[in-house]
Amino acid sequence: MAAGGPLLPDSVLFEIFLYLDHADVLAVGLVCRQWRAVARDEFLWKELFYRYYRVSRDVPRHPAAVSWYDEFQRLYDTIPCIEVQALKEHNDQVLHLSFSHSGCLFASCSKDCTVKIWSNELDISLQHSSNMRPYNWSYTQFSQFNSDDSLLLVSGVFVGPHNSSSGEIAVISMENFTLLSRVRNKPYDVFGCWLNETNLISGNLHRIGRITSCSVLWLNNAFQGIESENVNVVKRLFKIQNLNASTIRTVMVADCSRYDSPDLLLDYEEQLAASSTSTCPVFDLGSDSEEEESKPKQTPEPAVQEMPDDGGVPAEDELQQFFDDIMGGCVRPAMTEAELENKVAELFIRNRTKPPEVNLLSTDSNSKTKYLIFTTGCLTYSPHQIGIKRILPHQMTTAGPVLGEERRSDEFFDSLDHVIDIHGHIIGMGLSPDHRYLYVNSRAWPRDCVISDPMQPPPIAEEIDLHVFDLKTMKEVKRALRAHRAYTPNEECFFIFLDVSRDFVARCRAGPRAGGCCEQSRKREACDEEHD
């Protein structure tokens with residue numbers, strides 16, 4: 001460095017700089033040309049990147065990044081890290097934030113049972129606060145603006161016993177902040193969502209047996225003060241049977257018209273050719289093999305195994321034969337009550353489910369196709385599958401019969417169009433701004449685990465995996481990414497909403513909180529009888 005002084009080898013400087021943080025590395029790079037060259041070393045900044053941002057080293061660099069130094073700087077400059085204002089109007093935990101599409105407003109839901117609407121200006125100010133306790137709400141949990149920001153959907157939980165799963169959805173006008181309508185929602189962690197500017201989706205749950213139920217998804221008009229008795233304000237969309245204490249939860253709508261390419265979201269022709277009319281393709285992510293992941297796999301069956309195909313014997317006759325075998329003592333080994341109920345439900349659904357529509361192969365570029373996406377399951381009560389059901393254009397209005405399309409006696413339930421098995425506990429989902437990609441947070445189950453009791457799901461990993469699915473191809477874009485850990489056990493997990501922008505995915509650490517829908521309440525709900 002000094003005139004005539006010895007120079008340290010670059011390798012020695014590199015090892016020394018590894019002990020510095022990013023600010024010190026930038027400072028020493030100003031000493032001389034040699035130090036500057038070492039301070040800009042790509043391997044050095046790769047190490048600094050993973051150390052500073054605490055990202056798993058399995059996570060690759062952003063594809064558009066030119067260098068590790070530039071990527072470090074991009075994240076450092078664009079990730080908010082300075083508190084500019086503290087909003088203290090809530091007097092209990094804030095559970096959810098949602099922003100309007102224009103970015104001018106945002107809404108907050110809280111354990112204090114209020115939903116507050118704020119102006120998102122340089123100096124944030126409170127515009128309105130609605131207290132939902134007069135409507136027997138325990139707390140507000142979720143909100144969503146409609147596409148033109150004229151209405152706000154607010155989802156909440158009713159006051160009730162510990163095993164209650166009932167909730168409600170309210171619609172608030174953004175013009176004068178008046179309450180326009182309220183809709184029943186069960187279970188409350190269906191949350192609800194907008195289908196279009198004036199219609200929203202809610203859920204209801206009907207218990208059939210101890211571990212068998214039926215989820216009904218309803219389309220509701222946001223404006224329900226209609227005097228005419230000839231105009232519907234609600235219509236049934238879908239009726240889906242649930243096995244092994246599972247239920248439909250966390251609904252959201254993907255708008256296919258927002259894709260950069262308007263072709264079909266799902267390849268129904270391939271699906272229909274590969275499966276029978278009473279089943280849907282299942283993609284199991286439990287394998288690391290790309291070859292295995294590219295092929296549909298059957299999810300692991302619980303203790304009750306599928307009965308062999310009797311050469312096209314109708315499921316109704318097969319069910320009667322099954323009952324005769326039980327009465328005759330021919331079923332071996334003996335089944336538990338849960339196994340027996342599940343087997344009967346499987347045989348019943350085989351003959352009472354409406355097959356997928358055959359005319360779903362239209363590739364009209366102007367099609368207003370939308371897909372209902374939700375968490376579900378088939379092996380246990382904890383959500384481990386993503387279900388997808390296409391909403392046809394004529395179904396996007398409350399016009400027509402309240403109970404939806406006419407059904408034959410053998411079409412009691414609706415089938416799912418697509419199912420993705422995550423092979424783990426789903427704890428969060430979110431759509432990209434263009435609705436092209438679905439982001440899913442999960443905590444994996446042990447490999448090759450077998451679920452013999454639906455009320456005892458497998459233990460879940462501490463690592464939180466982030467899966468990314470291309471909804472045009474229904475394939476995982478890349479291997480699961482891991483950014484942080486969670487330490488809550490299976491029965492204390494909470495659903496954490498993901499917020500996705502063009503460059504970032506925002507998510508919170510999953511941890512226990514006083515309220516919300518944890519798996520313990522789901523387990524109790526699955527065990528208890530239906531009382532309302």
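How each quantity is defined
- Residues numbered from 1 in each chain as written.
- Predicted model: local features only at pLDDT ≥ 70, side-chain atom pairs only at ≥ 80, totals over all residues.
- Heavy atoms only, no water.
- Helix = DSSP H or I, 4+ residues; strand = E, 2+ residues; numbered from the N terminus.
- Buried < 20%, exposed > 50% of the residue type's maximum accessible area, 1.4 Å probe, protein only.
- Contact = heavy atoms within 4.5 Å.
- Areas by Shrake-Rupley, 256 points an atom, 1.4 Å probe, with all protein chains shown as cover.
- pLDDT = per-residue confidence, 0-100.
- Polar contact = N/O pair within 3.5 Å; in protein donor to acceptor, adjacent residues only side chain to side chain.
- Pairing = 2+ DSSP bridges.
- Axes fitted to C-alpha atoms, helices over the stretch in contact; angles between N-to-C directions.
- Parallel < 35°, antiparallel > 145°, perpendicular 65-115°, else oblique.
- Nonpolar A, V, L, I, M, F, W, Y, C, P; charged D, E, K, R; others polar.

**A few points about the overall build of the protein chain**
- Within the protein chain one finds ten helices and 26 strands.
- When burial is assessed residue by residue, the protein chain has 49% of its 532 residues classed as buried.
- Of the contacts formed within the protein chain by residues at least 6 apart in sequence, a portion of 61% connects residues at least 24 apart.
- Surface accessibility of the protein chain: about 26,300 Å² in total, with carbon and sulfur atoms responsible for 53%.

**Digging into the environment of Asp58**
- Examined against the element boundaries, Asp58 turns out to sit in the loop between helix 4 (42–53) and helix 5 (68–78).
- Exposure remark for Asp58: the relative accessible area of 70% places this residue in the exposed category.
- C-alpha separation for the pair Asp58 and Leu481, spaced 423 residues apart in sequence, amounts to 7.3 Å.

**Regarding the confidence of the model for the protein chain**
- When the pLDDT values of the protein chain are averaged, the result is 78; 70% of them are 70 or greater.
- Below pLDDT 50 for its whole length, residues 261–280 participates in 43 contacts with residues either more than four positions away or in separate chains.
- Under a pLDDT of 50 for its full length, residues 359–366 has, in the predicted model, twelve contacts with residues more than four places off or in other chains.

**Details of the side chain of Ser181**
- Structurally, the position occupied by Ser181 is in strand 8 (residues 179–185).
- Among the polar contacts listed, one links the side chain of Ser181 to the backbone oxygen of Ala222, at a separation of 2.8 Å.
- Excluding anything up to four places from it in sequence, Ser181 contacts Ile169, Ala170, Val171, Asn221, Ala222 and Gln224.

**With respect to the sheet that holds strand 11 (residues 213–221)**
- Taking strand neighbours across the sheet as the criterion, the four strands line up as 9-10-11-12 in an open arrangement whose pairing is antiparallel. Among the strands making up the open sheet, the edge pair consists of strand 9 (193–194) and strand 12 (234–242).
- Of the pairings in the sheet, the one linking strand 9 to strand 10 (residues 199–207) comprises two bridges and is antiparallel in character. In the sheet register, Cys193 faces strand 10, and the bridge partner there is Ile201.

**Description of the packing of helix 4 against helix 5**
- Two elements in contact, helix 4 and helix 5, have axes whose closest approach is 8 Å; the angle formed by their N-to-C orientations is 30 degrees. For the element pair helix 4 / helix 5, the angle class is roughly parallel. Note on element contacts: helix 5 touches helix 4 through Trp68, Tyr69, Glu71, Phe72, Leu75 and Tyr76, opposite Glu42, Trp45, Lys46, Leu48, Phe49, Tyr50, Tyr52 and Tyr53.
- For the contact of helix 4 with helix 5, the class distribution of residues is eleven nonpolar, no polar and three charged.

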